[in-house]
Structure formats: structure tokens, C-alpha cells
There are 4 protein chains.
Amino acid sequence: MSIRERIHEVIFETETPAGRLFDVLLLWAIALSVIVVSLDSVQEYRLRFGTVLKVLEWFFTILFTVEYLLRLYSSPAPARYAKSFFGVVDLCSILPTYLSLFILNSQYLLVIRVLRLMRIFRVLKLVRFLGEANSLSLALRASRHKITVFIGAVFATVIISGALMHIIEGPESGFSSIPKSVYWAIVTITTVGYGDISPTTPLGQLLSSVLMICGYGIIAVPTGIVSAELSRSSFSEKKETEGADHCSTYHFCPNCGVALKNREKEEITDRRGR
Amino acid sequence: MSIRERIHEVIFETETPAGRLFDVLLLWAIALSVIVVSLDSVQEYRLRFGTVLKVLEWFFTILFTVEYLLRLYSSPAPARYAKSFFGVVDLCSILPTYLSLFILNSQYLLVIRVLRLMRIFRVLKLVRFLGEANSLSLALRASRHKITVFIGAVFATVIISGALMHIIEGPESGFSSIPKSVYWAIVTITTVGYGDISPTTPLGQLLSSVLMICGYGIIAVPTGIVSAELSRSSFSEKKETEGADHCSTYHFCPNCGVALKNREKEEITDRRGR
Amino acid sequence: MSIRERIHEVIFETETPAGRLFDVLLLWAIALSVIVVSLDSVQEYRLRFGTVLKVLEWFFTILFTVEYLLRLYSSPAPARYAKSFFGVVDLCSILPTYLSLFILNSQYLLVIRVLRLMRIFRVLKLVRFLGEANSLSLALRASRHKITVFIGAVFATVIISGALMHIIEGPESGFSSIPKSVYWAIVTITTVGYGDISPTTPLGQLLSSVLMICGYGIIAVPTGIVSAELSRSSFSEKKETEGADHCSTYHFCPNCGVALKNREKEEITDRRGR
Amino acid sequence: MSIRERIHEVIFETETPAGRLFDVLLLWAIALSVIVVSLDSVQEYRLRFGTVLKVLEWFFTILFTVEYLLRLYSSPAPARYAKSFFGVVDLCSILPTYLSLFILNSQYLLVIRVLRLMRIFRVLKLVRFLGEANSLSLALRASRHKITVFIGAVFATVIISGALMHIIEGPESGFSSIPKSVYWAIVTITTVGYGDISPTTPLGQLLSSVLMICGYGIIAVPTGIVSAELSRSSFSEKKETEGADHCSTYHFCPNCGVALKNREKEEITDRRGR
């Protein structure tokens with residue numbers, strides 16, 4: 001086995017001991033680097049531990065850069081990897097740190113590094129989950145007419161009651177414009193209820209009460225349908241997987257080491273073997 | 001086919017390519033015009049883009065006026081259309097702009113244009129949904145005794161706990177009157193919790209805690225029943241529709257091009273043919 | 001039929017036209033009188049419409065007094081009626097107005113009149129519902145061990161996290177005592193979230209986040225069980241009732257005209273006939 | 001029967017009349033002592049009833065100390081009891097009062113006494129429940145892949161939207177750092193909505209609205225799965241228990257009087273009998 005194949009196995013394969021260890025280490029590295037980014041955004045910690053955080057940040061950036069280059073090197077289809085969803089996420093999670101060398105006041109740019117978090121889904125094998133999600137999306141597509149109607153109803157309720165509140169409470173109150181009133185209606189209908197904007201006139205309070213009681217029932221329907229489908233498909237998938245999983249699972253790919261079925265694997269070996 | 005019939009087909013029919021295109025364009029026009037109304041209500045944008053918004057508003061108003069007149073012209077029963085629910089909505093969505101020419105300080109009147117949003121339900125074929133809703137309303141009517149009792153229980157809980165909080169917290173607090181306290185109780189029982197009014201005395205906080213924990217369970221029942229019935233009927237309807245939908249669906253009507261069954265269609269053709 | 005029997009029929013019977021009309025009128029009278037009490041509690045309205053509200057209040061009080069006396073007169077068991085739950089509620093809803101003649105500063109006493117609202121349950125036949133509720137309470141009693149454990153878990157979670165927040169946030173914050181912190185924990189775990197008390201220290205915010213995410217799942221269980229049982233029993237009851245209801249329902253009683261089964265009715269007639 | 005065995009029966013056994021009485025008394029003692037701790041944390045009450053509360057506290061502490069010593073004495077395996085979960089809780093609930101004699105400013109230490117509340121689970125036989133919980137945890141373990149993915153999704157949503165809000169609203173707003181913004185995102189996604197931090201910019205309000213509507217559906221899935229499993233297992237367990245419960249239940253143990261099956265009991269008697 002060539003070095004390249006060995007690297008490929010460690011990075012992309014998840015069933016071998018080396019691949020498993022790599023996944024666990026990667027998870028920790030991602031988690032820690034996100035914590036570093038988070039702490040770096042706290043004024044207090046930036047002033048006190050600024051240098052430590054900067055060193056750690058560069059440590060993780062270089063680590064992820066090396067990983068990115070190794071992925072490019074070992075992938076049988078580097079271009080496809082680079083253009084894939086996770087390829088872009090991988091790049092996004094290292095680029096801001098390098099850009100901060102050239103751009104002054106790059107503080108906001110640096111926050112983008114939080115997107116690194118998306119990478120945990122690669123390790124959590126979200127890809128496989130997304131694959132199964134097809135059955136979910138099929139189920140949802142079947143009932144899309146009704147979901148559309150309900151979401152339409154939620155939107156109409158929210159916009160119309162927002163507009164009414166704008167008239168009732170008047171432009172001097174918190175309901176100073178329709179978009180703001182719609183924001184209030186969404187905050188209310190989802191029962192979040194910040195209280196940054198709240199009705200003060202008796203009529204406004206009456207309308208809010210109606211919105212709370214009725215809207216509650218309306219918004220429950222689409223979210224109910226979606227989450228019922230989500231959990232149903234996640235359970236049925238579970239049962240299916242349990243039986244056959246440990247022998248026929250995919251080798252390579254997530255996400256773009258290509259090769260998934262044994263036949264494909266042979267082909268690749270063939271291509272390489274020459 | 002006469003011009004009138006051709007117009008009728010484009011506006012009321014939804015299965016032909018022209019009818020489909022018309023529906024999509026109408027949806028976009030409605031969405032954009034509601035966005036214009038919304039932006040117009042923001043002080044900042046009105047000052048900056050006032051003229052642009054006014055021009056756009058008149059553009060959409062004339063567009064919808066033309067559509068309204070064509071509907072009146074092409075409908076086999078113009079009077080019935082004008083008096084139908086969507087006929088009134090269609091009129092409401094163009095009238096305020098014309099009235100603003102004669103009435104000074106018509107700002108609040110203009111917000112009514114948001115009712116245009118109701119028109120999307122015509123395109124989303126809510127009518128058909130409302131038709132199926134009969135089965136839902138039958139199901140709900142069967143359990144109306146219990147729903148009435150539960151809604152009665154929610155109201156009684158809300159009013160009595162509101163009155164108690166008015167006594168406990170005293171008229172100097174936020175709970176200055178029973179209606180306001182009832183508003184607070186609704187905000188609490190639906191778990192919205194703005195916090196504009198909140199108990200400050202220990203006894204008031206104790207009663208609130210009881211209301212939160214118990215009321216939570218009480219309000220869940222009617223909304224649960226309603227939304228369970230809603231989603232159940234929406235799914236059963238889906239299955240029914242899937243089989244026969246693409247061949248026997250309604251021609252014309254939504255909403256009031258009349259004619260729905262083939263037999264009716266023939267009659268109309270007959271009437272016209274003479 | 002004697003006058004007394006006739007009155008009995010109108011007031012206690014619900015199947016005859018006269019009894020039905022009486023029920024509807026009573027519902028309206030209760031609703032209107034509660035609205036009068038509510039409006040009377042609003043400072044503004046009391047100052048402006050004070051005399052009108054007072055007159056209306058005395059009108060309803062005398063009306064309910066007459067009804068109360070007629071109930072006492074026509075009931076076959078006046079003492080039992082007077083001591084029954086609804087008998088006490090009936091008395092409570094008229095007494096405060098009379099007491100206000102003797103007691104100065106009786107404002108808070110007057111709010112008790114809101115308890116009139118409980119009387120609507122008599123008309124809504126809550127009694128029958130409560131009868132059926134036996135099956136519910138049996139079902140709940142069967143799972144009472146687990147419900148007790150879960151409610152215990154909710155209480156323990158709420159008290160322990162309240163105490164922890166009291167330590168973490170310190171007595172100078174909103175979390176000034178354990179009872180207040182427990183109130184905060186209940187506001188949080190039920191997702192009401194007033195925001196009158198909210199964590200300010202990083203550690204407090206971390207603990208709150210854990211409480212929100214975990215507690216959410218814990219409190220859902222007992223309320224879920226209770227409301228599932230409630231709606232299940234309310235539906236099963238519906239089916240049972242539909243078949244036999246219109247011929248064998250109760251005559252008299254709600255609530256305490258006694259007599260429910262035909263056998264009992266005969267006995268009463270016997271007693272009276274003598 | 002020796003005194004030691006008699007004590008063992010009263011404290012650990014729950015089926016005998018004496019054991020049952022002991023359990024009820026213990027429940028009351030725990031509840032009252034927690035109320036005393038709670039009231040003691042209220043500045044006002046501490047100043048007014050300080051001596052009474054102190055006396056009551058010492059009364060309960062000595063009571064629980066005696067109980068603890070009796071448990072140690074009568075348990076067939078004192079060391080195992082002392083190291084068991086409830087053994088540690090028992091110790092934690094008496095230690096702080098004694099430590100307060102030696103340590104000045106022990107106020108915060110005293111709050112730990114609230115942990116006494118954990119002891120009610122012993123009486124509520126949570127142990128048995130926890131035993132059954134194995135079947136629950138097995139069920140959850142089977143679907144752990146999906147739950148992990150969903151919890152990962154919730155975390156990623158919360159952290160990424162928190163970071164975005166930090167950029168959008170800027171560091172001068174309430175969203176002053178990523179951890180604080182993440183706290184806000186959790187408060188929002190669980191629909192608690194304190195309102196201590198809330199978006200003020202239009203873009204921020206738009207993103208919040210999306211988070212509220214979508215996030216609502218996402219967080220419902222893991223909590224839904226967990227609580228569905230919880231209540232399902234709690235009901236199935238109920239049925240199982242009902243049949244055989246009153247004859248074959250455990251003797252001793254909860255929690256660490258050892259002995260659970262008749263066979264084990266004989267062994268212990270044997271050991272003692274010698």
C-alpha cells in the first residue's frame with residue numbers, strides 16, 4: 001500500500017482503527033478551535049489571554065491546513081472534493097486566519113471560522129443521514145401542498161396581524177413599521193415573547209391575545225408535520241440500518257474520497273495498480 | 001373561442017400553460033406589492049424612496065384593477081364573483097390607493113392593502129382545501145362538546161386567575177385592571193411571556209407558578225385536538241387526492257369563474273353557445 | 001303540574017324548549033355580568049360610566065338572587081343544593097354586592113364576583129363531563145406512580161437549579177432568595193420567560209441554557225401524559241355518548257335538582273304526589 | 001428479631017406498616033427542611049424569624065444525622081451504603097450545618113442542604129424506576145446515532161446563528177460576544193425568550209425570525225424522541241408491574257439495605273444467623 005493510499009485510509013475510511021482515531025481527534029480539534037474562536041470574541045479574554053488565543057488559533061489553522069492539503073492529495077478526485085460542500089467548508093474554516101494577515105480590522109471576518117463547526121457533521125456521518133433523508137424529503141414532497149398552504153397561512157397571519165397592530169398601536173409605539181410589527185408577530189406566534197415590543201393599548205392587547213391563542217394552533221401544524229416526518233424517518237431508518245450495517249457500509253467517500261461500493265473500490269485499485 | 005372565453009381560461013383555469021403562468025405571475029405581483037406596502041410603512045424608506053414606492057404602488061394598483069375588471073368581464077356570473085369572499089378581497093386591495101387621492105391623512109387606510117395577501121390563497125387553491133375542510137369541520141363538530149368545555153375551562157382559568165392577580169398584586173402594579181390581568185394570564189398560559197407585566201409579590205409569583213404549570217397542560221388539549229384533526233385531515237385528504245387528481249379536477253371557479261364539474265361546464269357552454 | 005314543578009323544569013331541565021332558552025339566557029347574563037365586573041375594575045371606565053356600571057351590577061345581582069331563591073324553592077332537596085359546589089358558587093356570586101353596602105373599601109371583595117364565571121360550567125354540563133372524568137382519573141391513577149416520579153423530578157430540578165442560581169448569581173442580583181430563584185426556574189422550564197429575572201453571569205447563563213434544553217424535555221412528559229389521557233378520554237367518551245345520548249340522558253340534577261334516572265324520578269313524583 | 005434487624009426493617013423495608021409510616025414521615029421531614037432552607041435564604045425572614053429557623057434547621061439536621069447513623073448501623077453492608085449515590089446525598093444534606101460552626105460566611109455552603117431534596121427519590125422508589133430505565137436507555141441507545149446528529153444540529157444551529165448575530169448586531173449591542181450570543185440563541189430556540197438580549201437591527205430581526213420558525217422544528221425532534229421514549233417506557237413498565245407487583249417486589253435495598261430476591265435474603269439471614 002502506497003503512502004497516499006495509507007493517508008486516504010486514515011482520513012476518509014471510518015471503519016479501521018486508524019480512521020476511527022483520526023475522526024475522534026478531528027472532533028476534538030474542531031470543538032476546541034470553535035471554543036478558541038468563541039473566547040476570542042469576549043473582550044475580557046482577548047485583552048487578558050490574547051497571545052495564548054492567537055497562538056492556539058494559528059496552531060489549529062495550520063493543523064486544518066495540513067489536513068486540507070492531505071485530503072486534496074489523497075482524494076482520488078481532488079477537484080470534485082474541492083468543489084464539494086464540505087470541501088468549501090474546509091476551506092472557509094482556514095482562510096479567514098490567513099486573510100487576517102493582509103486585512104486590517106478583520107474581526108468580523110474571523111467569526112466566519114465558526115463555520116468549522118459544520119465539519120463535525122462530516123464526522124457524525126451526516127452524509128449518510130442526508131442520504132437517508134431522501135426518503136424523508138419524498139414523504140414531505142407528498143404532503144407539500146398542505147404544508148405550503150399552512151406555511152402560507154402562517155405567513156399571512158403574521159403579516160396581516162402585524163399590519164393591524166401597526167394601525168392599532170400607531171407609529172409612535174414599538175410597532176413603528178410593518179416589518180417590525182411582523183417581527184413582533186413572529187416572536188408572539190412562536191411563543192418566544194421577548195417583550196422588547198409589546199402592545200400597550202387595550203385593543204392591541206385584545207388582538208395579541210387572539211393571535212396567541214389561535215396562532216399557537218396554526219404554527220403547531222407545519223412544525224408538527226415536519227418533525228413527525230423527521231423522527232419517523234429517523235426511526236424507520238434505524239431499524240433498516242441495524243441489520244445490515246456492519247458489513248456492507250460504505251468505504252471511503254465522506255466527503256469526497258469517492259468510492260462507496262465494492263465494485264467501485266476495485267476500479268480505483270485497478271486504476272492505481274497500473 | 002371568443003376573446004372572453006380565452007380570458008376566462010387564462011384567469012380562472014389553472015391546468016392550462018397560460019393559466020399556470022398567470023398564477024405564478026400573480027403570486028409574484030402580490031408578494032412584491034405587499035413588500036412595497038411594508039417598505040412604505042418604514043419612515044426611513046418613505047423619506048428616501050418615497051417617489052419610487054409611490055410609482056410602484058400605482059403600478060400594482062392599476063395592474064390589479066385591470067385584473068379585477070377582466071375577472072368581472074370574463075366571469076359567467078359577474079355579480080356572484082363581486083359578492084364572493086375573494087371578490088371583496090380583490091376590491092379591498094385596490095380601493096385604498098384610489099381613496100388616498102380624495103382623503104387626506106389616509107396613511108392608516110393604506111395599510112389595508114396588506115389584505116392583498118389573502119389573494120395568495122386563491123392561487124394556492126385554498127378553496128379546494130377549504131372544500132376538504134368540510135370533513136375536518138365535521139370531525140371537530142363531533143367533538144365540539146368537549147372542545148367547548150376545554151375552551152370554557154381555558155377562559156375561566158384565565159379570567160379567574162387574572163382577577164385573583166388583580167387583587168393580589170394591587171391596582172398600583174402592572175395588574176391595574178381585570179382586563180389587563182386577563183391579558184397577562186393569556187400571555188402566561190400560552191408561554192409567550194413578554195414580561196411587560198410580571199408579578200412582583202411572593203404570593204403573586206406563587207400563583208403564577210401554579211398557572212404556568214397547570215395552565216400549560218390545559219391549553220395544550222384544545223390546540224392539540226384542533227391541530228391533530230387539522231393535520232390528520234390534511235394527510236388523509238392527500239392520499240385521496242393523489243390517485244384521481246390529475247384527470248378529474250375542477251375546471252374554472254377559484255374563485256368565481258363558476259363551473260366545476262363537466263356537466264356544469266356543458267351547461268355553461270350551452271348557455272353561451274346560444 | 002304545579003308552579004313549583006314548572007319552575008323546576010325550566011331551571012333544572014335542559015331538554016325542554018323552556019329549559020334550553022333559560023340556559024342560553026343564563027349564559028348571556030353570566031357573560032355580561034362578568035364583563036361589567038371587569039370594566040368596573042378599569043379606573044378610567046369606573047370614573048366615566050360609574051353609575052351605569054353600578055346600575056347594571058345591581059340588575060344582575062337581583063336577577064341572580066331571584067334565580068338563587070327559585071332554585072332553592074324548586075329543588076326537591078334545597079339543603080343539598082345550598083351545600084353543593086354550585087350552590088356555594090351561586091351564593092358567592094351575589095353576596096359581595098350586598099356586602100358592599102355595609103363594608104367600606106370593599107373593592108377587593110367585589111372582584112370575587114368573577115367567580116360567577118364558574119356557573120357557566122353548570123350550563124356547559126361540566127357535571128356530566130366530570131362524571132365521565134372518572135374514567136380519566138382511573139386511567140391517570142393507574143400511571144400515578146410514574147407521574148408522581150416525574151412531577152417529583154420537575155420539582156427537584158426546579159428547586160435545586162433555583163438554589164444553584166441563587167449561589168451563582170449572588171443575593172444582589174434578581175436571584176435574591178431561593179423562593180424567587182425557584183420562581184425563575186419555573187418561568188424558565190415552562191418556556192414562559194418573562195425576563196423580569198434573568199442570569200447575568202456567564203456561569204449563570206450556562207446553567208440556564210442547560211436547564212432550558214434539559215428541563216424542556218422533562219416537563220413535557222407529565223403534561224404530555226395528562227393531556228394525552230385527557231384528550232383520549234374526551235374522544236372515547238364522545239363515541240359512547242353519540243349513540244345513546246338523546247334518549248336516555250339525565251333529567252334534572254345539574255346541579256342539584258336531584259333525580260337522574262327514571263326510577264328516581266318516579267320516587268320523587270311519588271314523594272310529591274302525596 | 002434483633003433490634004438491628006428491626007431497625008433495618010423500618011428504615012429499608014417499604015411494605016411493612018412501620019416501613020410505610022417511616023417513609024411518609026421522612027418525606028414530610030425532607031419537605032419541611034427544604035422549606036426551612038428556602039425561607040432562610042429570604043433576607044426578610046432571616047432577620048425576623050432567624051432564631052426559629054436556626055432551631056428548626058438544627059432539629060432537622062440532628063434528625064437526619066440520627067437516621068444516617070441508623071442506616072449505617074442497620075445496613076448489612078455499611079461501606080457500600082456510605083459510598084452509594086444516596087449515601088453521599090444523605091451525608092451532603094447534614095454536613096453543611098455542622099461545617100457552618102467552623103466556617104465563617106458559610107451562607108453559600110448552606111444552600112447545598114437543598115440537595116436533601118434528592119432524598120425524596122429514594123422514598124418515591126426512583127431506584128426501581130431507574131432500574132426500569134435500563135429498558136429506556138436501551139431504546140435510546142438504539143436511536144443514539146440520530147439523536148446525536150439532531151443534538152449536533154441543534155448545537156451547530158445555535159453556535160452558528162449566535163456567531164452571525166454577533167457580527168450583525170455588533171459588539172456594542174447585547175450580543176457583545178459569541179458565548180453571550182449563543183446563550184441568546186438557546187433562549188430563542190427553546191422559545192423561553194427572556195428579552196434581556198434582543199435584536200435591534202432589521203437584519204438581526206430577520207435572522208431571529210428565521211431561527212424562531214426553523215429552530216422550533218429542529219429542537220422539537222430530540223426532545224420529542226426522548227420524551228416519547230420516556231413516557232412509552234413508563235407506560236409499558238406500568239402494565240408489567242401491575243400484575244406481579246404486590247407479591248414478588250423487592251425486600252430491602254432502596255438504597256443500600258442490600259437483599260432484593262428471596263434467595264439473597266436467605267443468604268443474609270444465614271450470614272447473620274450464625
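Computed from a predicted structure; not experimentally measured. (Residues numbered from 1 in each chain as written. Chains lettered and ligands numbered in written order. Predicted model: local features only at pLDDT ≥ 70, side-chain atom pairs only at ≥ 80, totals over all residues. Heavy atoms only, no water.)

Student: Looking at this structure, I do not really get the overall build of chain A. What am I missing?
Tutor: The number of helices and strands found in chain A is 13 helices and zero strands. Helices (α) and strands (β) of chain A occur, in sequence order from the N terminus, as α-α-α-α-α-α-α-α-α-α-α-α-α. Counting over 274 residues, chain A shows a buried share of 49%. Contacts in chain A between residues at least 24 apart in sequence constitute 63% of all its contacts with a sequence separation of at least 6. (Helix = DSSP H or I, 4+ residues; strand = E, 2+ residues; numbered from the N terminus. Buried < 20%, exposed > 50% of the residue type's maximum accessible area, 1.4 Å probe, protein only. Contact = heavy atoms within 4.5 Å.)

Student: Looking at this model, I keep getting lost on the packing of helix H3 (residues 43-74) of chain A against helix H6 (residues 95-102) of chain A. Mind explaining?
Tutor: Helix-helix packing: each pair is described by the crossing angle between the helix axes and the interaxial distance. Residues and elements named next belong to chain A. One way to put it is that H3 packs onto H6 with a least axis distance of 9 Å and a crossing angle of 125 degrees. Considered as vectors, H3 and H6 are oriented oblique to each other. On the side of H3, the interface is formed by Glu57, Trp58, Thr61, Ile62 and Thr65, while H6 contributes Thr97, Tyr98 and Leu101. (Axes fitted to C-alpha atoms, helices over the stretch in contact; angles between N-to-C directions. Parallel < 35°, antiparallel > 145°, perpendicular 65-115°, else oblique.)

Student: Help me understand the nonpolar core in this model?
Tutor: By size, the foremost hydrophobic cluster in this structure holds 189 residues, and its most contacted members are A:Trp184, B:Trp184, C:Trp184 and D:Trp184. With sequence-adjacent residues up to four places away left out, A:Trp184 is seen in contact with A:Met165, A:Phe175, A:Ile197, A:Ser198, A:Pro199, A:Ser208, A:Leu211 and B:Tyr194. (Core = buried A, V, L, I, M, F, W, Y, C linked by side-chain atoms within 4.5 Å.)

Student: How do you make sense of the side chain of A:His166 when you look at a structure like this?
Tutor: Within the element layout of this structure, A:His166 appears in helix H10 (residues 144-169). A distance of 2.9 Å separates a polar side-chain atom of A:His166 from the backbone oxygen of A:Phe175. Setting aside residues up to four positions removed in sequence, A:His166 forms contacts with A:Pro171, A:Phe175, A:Ser176, A:Ser177, A:Ile178, A:Ser181, B:Ser41 and B:Val111. (Polar contact = N/O pair within 3.5 Å; in protein donor to acceptor, adjacent residues only side chain to side chain.)

Student: What is the right way to read the packing of aromatic side chains from this model?
Tutor: The geometry of two aromatic rings is summed up by the distance between their centres and the angle between their planes. A complete count under the given rule lists 28 aromatic pairs over all chains for this structure. The interplanar angle of 75 degrees and the centroid separation of 5.0 Å between the aromatic rings of D:Phe175 and D:Trp184 together place this pair among those described as edge-to-face. Given a relative accessible area of 1%, D:Phe175 falls into the buried group. An aromatic cluster is present here, built from A:Phe59, A:Phe60 and A:Phe64 joined pairwise through their rings. It is A:Arg119 that lies over the ring of A:Phe64; its NZ or CZ is 4.9 Å from the centre. The cationic tip of D:Arg4 hangs over the ring face of D:Tyr73; the distance from NZ or CZ to the ring centre is 5.6 Å. (Phe/Tyr/Trp six-rings, centres within 6.5 Å; stacked < 30°, edge-to-face > 60°. Lys NZ or Arg CZ within 6 Å of the ring centre and 35° of its normal.)

Student: Where do I start with the environment of A:Tyr73 in this structure?
Tutor: All names here are of chain A. With respect to the element layout, Tyr73 can be found in helix H3. A relative accessible area of 45% means that Tyr73 is categorised as partly exposed. If we skip the residues at most four places from it in the chain, Tyr73 touches Arg4 and Ile7.

Student: Explanation requested: H3(A) in the structure shown.
Tutor: Each α-helix winds once per 3.6 residues, and so residues spaced three or four apart point in a common direction. Between its first and last C-alpha, H3(A) extends only 41 Å over 32 residues, short of the 46 Å set by a 1.5 Å rise per residue. Along H3(A), the largest kink reaches about 90 degrees and is centred on A:Phe49. (Expected span 1.5 Å × (residues − 1). Bend = angle between axes of the 7 residues up to and from the residue.)

Student: Help me out: how do you make sense of the packing of helix H2 (residues 17-40) of chain B against helix H3 (residues 43-74) of chain B in this one?
Tutor: All names here are of chain B. The geometry of H2 relative to H3 is characterised by a closest axis approach of 9 Å and an angle of 145 degrees between their N-to-C directions. Considering only the axes of H2 and H3, their crossing is left-handed. Contact with H2, carried on its side by Phe22, Leu26, Ala29, Ile30, Leu32, Ser33, Val36, Val37, Leu39 and Asp40, involves Tyr45, Arg46, Leu53, Leu56, Glu57, Phe60, Leu63, Phe64, Glu67 and Arg71 of H3 and no other residues of that element. In terms of residue class, the contact of H2 with H3 is made up of 14 nonpolar, one polar and five charged. (Left-handed = near helix turned anticlockwise from the far one by under 90°. Nonpolar A, V, L, I, M, F, W, Y, C, P; charged D, E, K, R; others polar.)

Student: Which parts of the structure should I look at to understand helix H5 (residues 85-92) of chain A?
Tutor: For H5(A), the set of buried residues is A:Phe86, A:Gly87, A:Val89 and A:Asp90. The buried residues of H5(A) occupy one face: seen down the axis, they fall within an arc of 165 degrees. (Arc of directions from axis to C-beta.)

Student: Help me out: how do you make sense of unusual backbone geometry in this one?
Tutor: Residues and elements named next belong to chain A. The backbone of Thr191 sits at a positive phi, close to 60 degrees, despite the residue not being glycine. Locating Thr191 in the fold gives a position in the loop between helix H11 (178-189) and helix H12 (202-248). Residue class for Thr191 comes out buried when judged on its relative accessible area of 4%.

Student: I would appreciate a short explanation of the environment of B:Leu47 in the present structure.
Tutor: All names here are of chain B. Relative to the assigned elements, Leu47 resides in helix H3. For Leu47, a relative accessible area of 70% puts it in the exposed group. Considering only alpha carbons, one finds Leu47 and Phe59, 12 residues apart in sequence, at a separation of 20 Å.

Student: Can you help me understand the confidence of the model for chain A in this one?
Tutor: Reading fine detail from the predicted coordinates is not recommended where pLDDT is low. Residues and elements named next belong to chain A. Overall, the predicted model of chain A reaches an average pLDDT of 76, with 71% of residues at or above 70. The secondary-structure element of chain A with the lowest mean pLDDT is helix H13 (residues 262-273), recorded at 39, while H11 shows the highest, at 92. Across residues 234-255 the pLDDT falls below 50, and counting only partners more than four positions away or on other chains, this stretch makes 47 contacts in the model. (pLDDT = per-residue confidence, 0-100.)

Student: So what exactly am I meant to see when it comes to the pattern of salt bridges here?
Tutor: For side chains of opposite charge, pairing can occur when their charged atoms come near one another. Under the definition given, this model contains 33 salt bridges over all chains. A salt bridge links B:Asp40 to B:Arg113, with the nearest nitrogen and oxygen atoms 3.9 Å apart. A residue pair is termed long-range when its members are at least 10 positions apart, and B:Asp40 in helix H2 and B:Arg113 in the loop between helix H7 (107-111) and helix H8 (120-123) qualify at 73 residues. The closest approach of N and O atoms between D:Arg71 and D:Asp90, which form a salt bridge, is 4.0 Å. With D:Arg71 in helix H3 (residues 43-74) and D:Asp90 in helix H5 (residues 85-92), this pair connects stretches of sequence that are 19 residues apart. For D:Asp90, a relative accessible area of 3% translates into the label buried. Residues participating in the shared-partner salt-bridge network are A:Asp40, A:Glu57, A:Arg113 and A:Arg116. (Salt bridge = Lys/Arg side-chain N within 4 Å of Asp/Glu carboxyl O.)

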